[in-house]
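Chain by chain, the residues:
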Amino acid sequence: MRILTGIQPSGKLHWGNYFGAMKSMFDLQAKGEEIFMFIANYHAMTTVRDGATLREMTRDVALDYLACGLDPEKSIVYRQSDVKEVQELAWFLSCLTPMGLLERCHSYKDKMAHGFDATHGLFAYPVLMAADILIMNADLVPVGKDQKQHLEVTRDLAQKFNNAFGEIFKLPDAYIPDSVATIPGTDGQKMSKSYHNAIELFEPNGSIKKKVMGIVTDSKTMEEPKEPEGNSIYELYKLFATPEEVAQMAASFRAGNYGYGHAKKALLEAYHRLFDPFRAKREELAKDPDTLEDILKAGAARARAAAAATMEKVRAAVGL
Ligand code: ADP
Ligand code: TRP
């Protein structure tokens, strides 16, 4: 099966990105699936307005992917902008996209609510996302729950195209394990780069500790028994810890004499256990920008070959 996902380099990646999208990719890579993982830098232009910043964040996301487990020998990693054909396909799809379909997308309304400029790029972005997916003939797309609607748009556009021009596109499925559908941030809302509630994957140790210790809780005293389900610290701990450790924390909360401070300390330790090796690897990779560039160029060549094969059929079908 062909598995594809992308993340926008619009800020530093955080725990929500890792568990919502990246980890599924690495798990599927380990099962021998065919992985396409790209850095959605065209998408990031909807919010980033500075070339140097975009370039640096694009490189940072590539380093994050590789440090956390993307294996460029087995999988294809590329910058979205290295496959310019996606822009062409986005236009073809645009011509079949009903305005109402985009008007219904939550992500646009959310971004408006958070003060982003109402641009055509932001509005039309689900069409570009559909092009990213369809051009590579992906079967499965690991994403967080917030992206589910965009997968529905993608399937809808694929179907409209197929109805008009013949069976060209596969209908891809979102891949959203229940356990990672929506990861809470330090304020209990969905963790997001734009909501100032994210714990970054690779921020300095001191600041990770500060954020974990600052996770918002209710005001129950240490002595009081507490219900763990729905508590952000416990929900985050479930992502990092073994089932036995999770059961232990749940029992401690319910028994009482176990405070939020204790749970935060356990969470921080579990983060370090998983991420300290990734941190070391990232430091090594960052020392060698030429190798990183070579990996991205090799990935782009493979991705472009897949895109070109699709576009040949698509152009013929539409009459170009
Ligand atoms: P952000 O909301 O921080 O800007 P993105 O929209 O760039 O994150 O998301 C990149 C990927 O990470 C998407 O697949 C998205 O669904 C996933 N993701 C982001 N935040 C979360 C979260 N809090 N829980 C689950 N998945 C998430
Ligand atoms: N829209 C996704 C996000 O904001 C990023 C993205 C762009 C994507 N193209 C994609 C994800 C294709 C999966 C597949 O998170």
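Parameters at a glance
Residues numbered from 1 in each chain as written. Chains lettered and ligands numbered in written order. Predicted model: local features only at pLDDT ≥ 70, side-chain atom pairs only at ≥ 80, totals over all residues. Heavy atoms only, no water. Helix = DSSP H or I, 4+ residues; strand = E, 2+ residues; numbered from the N terminus. Rg over C-alpha atoms; globule rule 2.2 N^0.38 Å. Areas by Shrake-Rupley, 256 points an atom, 1.4 Å probe, with all protein chains shown as cover. Lys, Arg positive; Asp, Glu negative; His and termini not counted. Charge placed at Lys NZ, Arg CZ, Asp CG, Glu CD. Buried < 20%, exposed > 50% of the residue type's maximum accessible area, 1.4 Å probe, protein only. Contact = heavy atoms within 4.5 Å. Near = heavy atom within 4 Å. Polar contact = N/O pair within 3.5 Å; in protein donor to acceptor, adjacent residues only side chain to side chain. Nonpolar A, V, L, I, M, F, W, Y, C, P; charged D, E, K, R; others polar. Expected span 1.5 Å × (residues − 1). Phe/Tyr/Trp six-rings, centres within 6.5 Å; stacked < 30°, edge-to-face > 60°. Core = buried A, V, L, I, M, F, W, Y, C linked by side-chain atoms within 4.5 Å. Domains from an automatic or database assignment.

J.: For this particular structure, what's the right way to read the overall build of the protein?
T.: For the protein, the helix and strand inventory stands at 13 helices and five strands. What you see for the protein is a C-alpha radius of gyration of 21 Å, in line with the 20 Å of a compact globule of 320 residues. Dimensions of the protein along its principal axes, counting C-alpha atoms only, are 70 × 45 × 40 Å. When the accessible surface of the protein is summed, it comes to about 14,900 Å², and 53% of that surface belongs to carbon and sulfur atoms. Averaged over its 39 positive side-chain charges, the protein has a centre that lies 1 Å from the centre of its 43 negative ones.

J.: Explain the environment of Phe92 here, please?
T.: Position of Phe92 relative to the elements: it lies in helix H4 (residues 85–94). In this structure Phe92 comes out as buried when scored by relative accessible area, which is 11%. The contacts of Phe92, once residues within four sequence positions are left out, are Met311, Val314, Arg315, Val318 and Leu320.

J.: Would you take a moment to explain the site of ligand 1 for this structure?
T.: By nearness alone, 18 residues border ligand 1, and His14, Gly144, Asp146, Ile183 and Lys193 come closest of all. Contact distances for ligand 1 include 2.9 Å between an oxygen atom and a side-chain N or O atom of Ser192. Contact with the protein chains hides 94% of the accessible area of ligand 1, taken as 530 Å² for the molecule alone. Per-element tally for the shell around ligand 1: the top contributor is helix H1 (residues 15–30), with four residues. Residue classes in the shell around ligand 1 are distributed as seven nonpolar, eight polar and three charged.

J.: In this structure, what is going on with helix H3 (residues 51–68)? I would like to understand it.
T.: An α-helical turn contains 3.6 residues, so any two residues separated by three or four positions project in the same direction. Between its first and last C-alpha, H3 extends 26 Å over 18 residues, near the 26 Å set by a 1.5 Å rise per residue. Residues of H3 that are buried include every one of Leu54, Met57, Thr58, Asp60, Val61, Ala62, Leu63, Asp64, Tyr65, Leu66, Ala67 and Cys68, and no others. Regarding H3, its N-cap is Asp50, as a side-chain oxygen of that residue lies 3.4 Å from the backbone nitrogen of Ala52 further along. Where H3 terminates, the next one or two residues include Gly69, which has phi positive at roughly 140°.

J.: Help me understand the packing of aromatic side chains, please; the structure alone is not making it clear to me.
T.: Here the distance between the centres and the angle between the planes together describe a pair of aromatic rings. One pass over the structure, following the stated rule, counts 18 aromatic pairs. Pairing Tyr18 with Phe275 gives two aromatic rings, centres 5.2 Å apart and planes at 75°, and the pair type is edge-to-face. Residue Tyr18 is located in helix H1, and its partner Phe275 is located in helix H12 (residues 260–286); the two are separated by 257 residues in the primary sequence. A single burial state applies to Tyr18 and to Phe275, both of which are buried.

J.: In this structure, what is going on with the nonpolar core? I would like to understand it.
T.: Within soluble globular proteins, side chains that are nonpolar generally end up buried alongside one another. In terms of nonpolar packing, the biggest core is built from 58 residues, with Trp15, Met22 and Tyr65 touching the most fellow members. Broken down by element, this core gets its largest block of residues, nine residues, from H12. Domain assignment of the residues forming this core places at least three in each of domain 1 (2–182 + 289–318) and domain 2 (202–283). Membership of the second largest hydrophobic core comes to 44 residues, among which are Ala130, Ala131, Ala158 and Ile168.

J.: Any chance you could explain unusual backbone geometry here in plain terms?
T.: Trans is the prevailing form of peptide bonds, just as negative phi is the prevailing case for residues other than glycine. With a phi close to 55°, Asn137 is a non-glycine residue in the positive phi region. You can see Asn137 is positioned in the loop between helix H7 (120–135) and strand S4 (140–142). One non-glycine residue, His196, lies in the positive phi region at around 55°. Structurally, His196 can be placed in the loop between strand S5 (173–175) and helix H9 (205–213). The exposure class assigned to His196 is exposed, which follows from its relative accessible area of 79%.

Any functional reading would require information that these geometric values do not contain.
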